[in-house]
Amino acid sequence: MKKRNKKIIMIIILIFALFTIGTKVLIGSENSINSNYSFNNQNNQNYTKNNNNNGYSNINSNNSNNSNNNISINSENYKKYYDAKGFCDHVIDGDTIDVRGVGRIRLVGVNTPERGELGYQNATDFVKSKCLGKTIYLDIDNAKNKDRYGRILAIVYVEDIGNLNKELLKKSYAKILFIPPSEFNPYEWT
C-alpha cells in the first residue's frame, strides 16, 4: 500500500510541475514576440512595441523633446494607462471574451451578431484571431463597469491593432451599441 501511495504522490507532483511550467510558458509567451506593433489607447496616446525592454513606448510626436516623453508599458506599470491586463483563454462570440484573472469581458460600445445570425462566425473568428491565447489590455468603463449579466464592460486593446472594439466597427463585424451611462462614445470610433 505504501508503494502505491508513493507512486500516486509522485504522479500528482509531476502533474503539478508540468501544469506550473506550462502556465509560465503560455503567460510568458508575450515576451517572445519578435515583431513591432503600435496602437493608441482611449486618450489617443500612441504606443509602439519596444523589443529592447519587452514593453511599449509612448511615441507622442506632438512633443519636440520626444526622448524625455518616452513611456514604457510593461507588466509592472501597465496600470498607469489601462485598468487591467490578462490572458484571453476563451472567446464566447464577437463581443464577449474570457480573460484569466479578470473575468468575462463584454466589449463596450459594440454589438456583434449572435449565434445563428449572419456574420456571427466572421466576428467570432476575427476576435479569436486577435485575442485568443494572447495578453490583452483593458480600459474598463468607469461610468458603468458591468452589464446586467455581470460581464465587465471594457475597451479591449491588442498589440497589432490597438482598440479591438473600434476595429470591429471599422471592419463591419459589429454595429454601434451605445447604452448610457458610459465614459466611451463609440460614435467617435467610426
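Preceding this section is the structure that the text describes.
Note that the coordinates shown come from a computational prediction; the quantities given were computed from them, not determined experimentally.

Draft legend 1. Expanded view of the overall build of the protein. Per the secondary structure count, the protein includes three helices and twelve strands. Counting every position in the protein, which comprises 190 residues, the buried fraction comes to 39%. In the protein, 51% of the contacts between residues at least 6 apart in sequence involve partners at least 24 apart. Approximately 11,400 Å² of the protein is accessible, and the part contributed by carbon and sulfur atoms is 51%.

Draft legend 2. Quick look at the nonpolar core. Counting residues in hydrophobic clusters, the biggest one holds 31 residues, and the most contacted among them are Ile97, Cys131 and Val156. The set of elements that each furnish at least two residues to this core consists of strand E5 (84–93), strand E6 (96–100), strand E7 (103–107), helix H2 (120–131), strand E9 (135–140), strand E10 (152–158) and helix H3 (164–170). Ranked by residue count, the leading element in this core is E10, at seven residues. With near-sequence residues (within four places) excluded, Ile97 lies in contact with Cys88, His90, Val91, Ile92, Gly103, Arg104, Ile105, Val127, Cys131, Ile136 and Val156.

Draft legend 3. Region of the structure containing the pattern of salt bridges. One pass over the full model with this rule turns up seven salt bridges. The shortest N-O distance in the salt bridge between Arg100 and Asp89 comes to 3.7 Å. One end of the pair, Arg100, is in strand E6; the other, Asp89, is in strand E5, with eleven residues separating them in the sequence. Overall, the relative accessible area of 34% leaves Arg100 in the partly exposed class.

What counts, and where the lines are drawn
- Residue numbering note: each chain is counted from 1, following its sequence as written.
- Per-residue local features are limited, in this predicted model, to residues with pLDDT of at least 70; the limit for side-chain atom pairs, both in listing and counting, is 80 or more; totals at the level of whole chains, interfaces and linings are taken over all residues.
- In computing side-chain properties, one takes all heavy atoms of the structure into account and sets aside hydrogens as well as water.
- Note on conventions: DSSP H or I runs of at least 4 residues are helices, E runs of at least 2 residues are strands, and numbering of each starts at the N terminus.
- Type-normalised accessible area, obtained with a 1.4 Å probe on protein chains alone, sets the label of each residue: buried when under 20%, exposed when over 50%, and partly exposed for intermediate values.
- Whether two residues touch is decided by their heavy atoms; if any such pair falls within 4.5 Å, the residues are in contact.
- The protein chains shown are the only cover counted for residues, whose accessible areas, like all others here, come from Shrake-Rupley with a 1.4 Å probe.
- Among the buried residues, those of types Ala, Val, Leu, Ile, Met, Phe, Trp, Tyr and Cys that are joined through side-chain atoms within 4.5 Å form a nonpolar core.
- Think of a salt bridge as a Lys or Arg side-chain nitrogen and an Asp or Glu carboxyl oxygen that are within 4 Å of each other.

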